Amino acid sequence: MSAETVTAAAAEPPAFGAAGPAARHYEILPKTPPAGDAGSGLLEVSMGPHHPSTHGVFRMDVVLDGERVVKLKPVFGYLHRNHEKIAEGTTYLSSMPYTDRLDYFCSLTNNWAYALAVEKLAGLEVPERAEFIRVITAELTRLQNHVCLIGFLLQDMGALGTPLMYAFREREKILDLFESLTGARMMCNYMRFGGCRVDLPEGWLEAAKTVVEEYPRFLDEFERFLGGNEILLARTQGVGALPKELAVNAGVTGPMLRASGVNYDIRKVDLYGIYDRFDFKVPLGERGDVFDRYMIRVLEMRESLKILSRALADIPSGPIIDPKAKLRGFRPKPGEAYGRIEAPKGELGFYLISDGSPNPYRYRVRPPSFINLTILEDMCLNHLVADVVIILGSVDIVLGEVDR
Amino acid sequence: MLGEGILKGMAETARNFVGSYVSKDRLVTVQYPEERLPLKEATRQFPFLVYDGDDWQKGLRCVACQICEKECPPKCIYIEKSKDKKPDYIGKPQLYPATFDIDLSVCMSCQICVEVCPFDAIKMDTEYELSTDDRFGGLLSHKEQLAKSNGHYHQIHPTEAAEVDGHLAAEKTRLEAKAKAAGEAKARAKASPAALGPIR
C-alpha cells in the first residue's frame, strides 16, 4: 500500500461508538482497494477477547497496514462485575473479599489499599506488628506478581511454558505462605480495618525467611538465562517506547512510569504504613521500552527482597488489631477518604464517601492497570502485530481490575 | 554466539528433568488425585455448622440470629427461625434455625460468616472436592449436611478449636458464677436459708 492511502484512511478516525459498530466498520475499511495497488488495503482485525495473549477477556480493535499497526482501540468491559455498585450496597466489611477479586494476583495489596482508605475514614490506628505483617505480605505479593509477569511476558514472546513454569514454581512457594497465613492461596481476605485478621502461625516467619533467602538464587538463575538471551533482547529493546511526558500526562503509574524514567514510587512519596523505616532504592529506566519495563521488575524484586529481609528480622510482638475496630455494626462518621498504595501494578487507590450508614455512600477504585492501559495505542503505533502482544504483556494488566 | 541462549535454556531444562529422578526437591508437582498435599491448618473451603455432643439437632450452636445472613457478601445463606426454643450449651433457651441453607454455587469461601458469628456456631471446613453431578439440588446444602461435630472441628483446625472451646468454657463458668451470685443475692434478700442452685 502506498503512503498516501494510509494517511487518507487514518486521517479522520471516526468517533468511537458514535455511529455504531457497523458504520465505523465501513468508514475504516475502504470498500474497494485503492486503484493501482490491487490487493492491498487496511485491514481491521479484532484481537481478542479470547486471544491467549490478552491475559483475560480483552479485545483490541487493530487497524493494520500489512503487519504494521495504524490504529488500535482497546475494548474492555467483558469482565465487568459491578464491583463499585455492589460495594455501595453492602457493609464495609463485606466489600473486603470483593477487593481480592479486583487484581486477583495481588489480593493482599488490594486488601491493604481498601483497609487504608477505611482507616483514614474511621480514624483507626494500626498496631506496629500489623504494619510489619502488611509490609511483609505486600512485598511477597510484589515478588510473586513480578515473577509471574515476566513468565507471561516470555510466553508472549514465544517461550511457551518453560519460563512461566519456573516462575510459577517460585510463586507457589509464596502462595503456600499465604495459604498457611490466610487460609487461601489467592483470595486471601486477610486485612481488616485497624489491623489484620489472624496472627502469624507458628513457624511462619522461619518459612518466610527461607523463601526470601532462596529467592535471589532463583533470580540470578532467571537473569543468567534471560539477561543475555538474544531473542529476548531483539524482541524487547526499542519496542513500545513510552516517552516520559506522555507517561506523566496519561496518569501512568507503577513500574511502567518508572521504566520511563520518572522517579515516582508511592512507597517513597506517601510513606504510608511504615515504609519510612526501610532502606530501599527505586529503580528507574531510561528509554521506557519493553526491555526497561522487564528490567525494572527484576530490579524491583531485588529491592523488595531487601525490605523483606529487614522486616522479617525486625518484626515486633504485640497486638495485631486496633481494639477500637468493630467487626459488627461498623459505621464510620460522615466524611470522605482516599487511601492509596503502591500496588505491584501501580497506584491503587480507594475513594470512599461515608454518610454515617453501615455501607459507603460512594465507593470508587482507582485501578492501576486500567489507567496504564489507556496509553496502549500510543505505544503500539507503527509496531508489528507480534510486538503488540509483547507491549500489552509489559503493561501488566489483570482484567479483573480493568473491568471491575 | 548465535543460539547460545537456546542451548543454555535447554541445558537447564535437561538438568531439572534428570534431577527430578534423583532429588525430591526438584520434583515440584504432585500427581493428584493419587497423591495429595497435606492441608494447611488455616485452609478454608466451605462453611459448616458446629454441634456439641452426639445429637446434631440438640447440640447445634446456631441460634438463628441471622448476622451471617446479613453480612455474607454474596448473600448465599438462607435462614428461617424456629417457632419454639431449645436450650443452648449453657442451658439458656434459644431459638434454633428451622432452615439453614448455604448455596455452594454462590459461596466464595471468604470466611466473613465465621468472623461475625458471636456464637462460634459456623466454621470453615477443609473439604475441597465438592463437585456434584446434580446441578439443581446438589449444590444447595441444608442444615442436615452442614451440621458437623465439634470433634470434626478439632480434627481440621486443632489450634483454633482449642481456643474456641477455651473461651466458651470460660464464658460458661462466668455466666454460671454470675447466676450463682445473683441467686445468692436473691436468697439473701429473701432471708431464706435454702440456697438456690445456679439459674440456667
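Just so you know, these numbers come straight off a predicted model, no measurement behind them.

### Remarks on the overall build of chain A
Regarding its fold elements, chain A presents 17 helices and eight strands. For a compact globule of 404 residues, the expected C-alpha radius of gyration is about 22 Å, and chain A comes in at 23 Å, within 12% of that figure. Once the C-alpha set of chain A is aligned to its principal axes, its extents read approximately 80 × 50 × 35 Å. Here chain A, with 404 residues, has 57% of them falling under the buried criterion. When contacts within chain A are restricted to residue pairs at least 6 apart in sequence, those whose partners lie at least 24 apart make up 70%.

### Brief notes about the nonpolar core
If you look at the biggest cluster of nonpolar residues, it comprises 114 residues, and the most contacted ones within it are Phe193(A) and Leu376(A). Considering each element in turn, this core owes the most residues, 12 residues, to helix 6 (residues 128–156) of chain A. Not counting chain neighbours up to four residues away, the residues in contact with Leu376(A) comprise Phe58(A), Met60(A), Leu72(A), Ile391(A), Leu392(A) and Val395(A). Counting 23 residues, the second-largest nonpolar core is a separate cluster that includes Leu60(B), Met124(B), Leu146(B) and Ala147(B).

### Digging into empty space enclosed by the protein
Over the atoms, a rolled probe matching the size of one water molecule traces out where space is still vacant. All names here are of chain B. The full count for this structure, using the stated rule, is seven cavities of 30 Å³ or more. Lining the largest cavity are 16 residues, and of these Cys62, Cys65, Cys68, Cys117 and Ala121 sit closest to its centre. In terms of residue class, the lining of the largest cavity is built from 15 nonpolar, one polar and no charged. Reported here for the second largest cavity is a volume of approximately 80 Å³. What lines the second largest cavity is a set of 14 residues, and nearest its centre among them are Cys72, Cys76, Cys107, Cys110 and Cys113. In terms of residue class, the lining of the second largest cavity is built from 12 nonpolar, two polar and no charged.

### Regarding the pattern of salt bridges
In this structure the tally under the stated criterion is 43 salt bridges over all chains. Residues Glu84(A) and Arg364(A) are paired through a salt bridge, measuring 3.4 Å at the closest nitrogen-oxygen approach. Within this pair, whereas Glu84(A) is found in helix 3 (residues 83–89), its partner Arg364(A) is found in strand 8 (residues 362–366), the two being separated by 280 residues in sequence. Taking relative accessible area as the criterion, Arg364(A) reaches 28% and is therefore assigned partly exposed. For Glu115(B), the salt bridge goes to Arg197(A), with nearest N and O atoms at 3.8 Å. Here the residue Glu115(B) occupies a position in helix 4 (residues 112–116), and Arg197(A) occupies one in the loop between strand 5 (195–196) and helix 8 (204–226), the pair thus bridging two chains. Across the pair, Arg197(A) and Glu115(B) agree in class, each one buried. A cluster of three or more residues bridged by salt bridges with shared partners is formed by Glu139(A), Arg142(A), Arg258(A), Asp265(A), Arg267(A), Glu300(A) and Glu342(A).

### Observations concerning the environment of Ile397(A)
All names here are of chain A. Mapping Ile397 onto the fold places it in the loop between helix 16 (385–395) and helix 17 (399–403). For Ile397, a relative accessible area of 4% puts it in the buried group. Separated by 343 residues in the primary sequence, Ile397 and Thr54 have C-alpha atoms spaced 8.8 Å apart. When near neighbours in sequence (up to four residues on either side) are disregarded, Ile397 contacts Thr54, His55, Phe58, Lys345, Ser369, Leu373, Leu392 and Val402.

### What about the interface of chain B and chain A?
Contact with chain B, which involves 30 residues of that partner, is made by 30 residues of chain A. A per-residue breakdown of the area chain B buries against chain A is headed by Lys40(B), Arg44(B) and Glu115(B), which together make up 24% of the total. Remark: the boundary between chain B and chain A carries four salt bridges. Put simply, Arg192(A) and Glu115(B) hold a salt bridge, and the shortest N to O gap is 2.7 Å. Along the contact surface separating chain B from chain A lie 13 residue pairs in polar contact (both at pLDDT 80 or more). Of all elements in the fold, only helix 1 (4–22), helix 3 (67–71) and helix 4 of chain B reach the threshold of two or more residues within the side of chain B that touches chain A. Per-element tally for the side of chain B that touches chain A: the top contributor is helix 1 of chain B, with nine residues. In terms of residue class, the side of chain B that touches chain A is made up of 14 nonpolar, seven polar and nine charged.

### Observations regarding the packing of helix 6 of chain A against helix 13 (residues 290–314) of chain A
Residue and element names in this part refer to chain A. Two elements in contact, helix 6 and helix 13, have axes whose closest approach is 9 Å; the angle formed by their N-to-C orientations is 155 degrees. Considering the angle they form, helix 6 stands roughly antiparallel to helix 13. Between helix 6 and helix 13 lies a crossing whose hand is left-handed. Its residues placed into classes, the contact of helix 6 with helix 13 shows 18 nonpolar, two polar and five charged.

### A word on the confidence of the model for chain B
Low pLDDT marks stretches whose predicted atomic positions should not be read closely. Looking at chain B as a whole, the pLDDT averages 82, with 94% of positions reaching at least 70. Here the prediction assigns the complex a pTM of 0.83, and the interface score ipTM is 0.78.

### Describing the packing of aromatic side chains
Residue and element names in this part refer to chain A. Per the stated rule, a full pass over the model turns up 21 aromatic pairs over all chains. Look at Phe105 and Phe152: their rings are 6.1 Å apart centre to centre, the planes differ by 80 degrees, and that puts the pair in the edge-to-face class. Here Phe105 is found in the loop between helix 4 (92–100) and helix 5 (107–122), whereas its partner Phe152 is found in helix 6, with 47 residues between them in sequence. A residue is classified by how much of its surface remains accessible, and Phe152, at 21% relative accessible area, is partly exposed. On the basis of an interplanar angle of 80 degrees and a centroid distance of 5.6 Å, the ring pair of Tyr114 and Phe193 is categorised as edge-to-face. With Tyr114 in helix 5 and Phe193 in the loop between strand 4 (191–192) and strand 5, the pair connects residues that are 79 residues apart, well separated along the chain. Like Phe193, Tyr114 is buried. Through a chain of ring-to-ring contacts, the aromatic side chains of Tyr92, Tyr114, Phe193, Phe330, Phe350 and Tyr363 assemble into a single cluster.

Each value, and the rule that gives it
Residues numbered from 1 in each chain as written. Chains lettered and ligands numbered in written order. Predicted model: local features only at pLDDT ≥ 70, side-chain atom pairs only at ≥ 80, totals over all residues. Heavy atoms only, no water. Helix = DSSP H or I, 4+ residues; strand = E, 2+ residues; numbered from the N terminus. Rg over C-alpha atoms; globule rule 2.2 N^0.38 Å. Buried < 20%, exposed > 50% of the residue type's maximum accessible area, 1.4 Å probe, protein only. Contact = heavy atoms within 4.5 Å. Core = buried A, V, L, I, M, F, W, Y, C linked by side-chain atoms within 4.5 Å. 1 Å grid on protein atoms, 1.4 Å probe; cavity = no way out; pocket = protein on both sides within 12 Å on 5 of 7 lines; lining within 4 Å. Points joined across faces, edges and corners; volume = space filled by probe spheres on them. Nonpolar A, V, L, I, M, F, W, Y, C, P; charged D, E, K, R; others polar. Salt bridge = Lys/Arg side-chain N within 4 Å of Asp/Glu carboxyl O. Buried area = accessible area lost by both parts, 1.4 Å probe. Polar contact = N/O pair within 3.5 Å; in protein donor to acceptor, adjacent residues only side chain to side chain. Axes fitted to C-alpha atoms, helices over the stretch in contact; angles between N-to-C directions. Parallel < 35°, antiparallel > 145°, perpendicular 65-115°, else oblique. Left-handed = near helix turned anticlockwise from the far one by under 90°. pLDDT = per-residue confidence, 0-100. Phe/Tyr/Trp six-rings, centres within 6.5 Å; stacked < 30°, edge-to-face > 60°.

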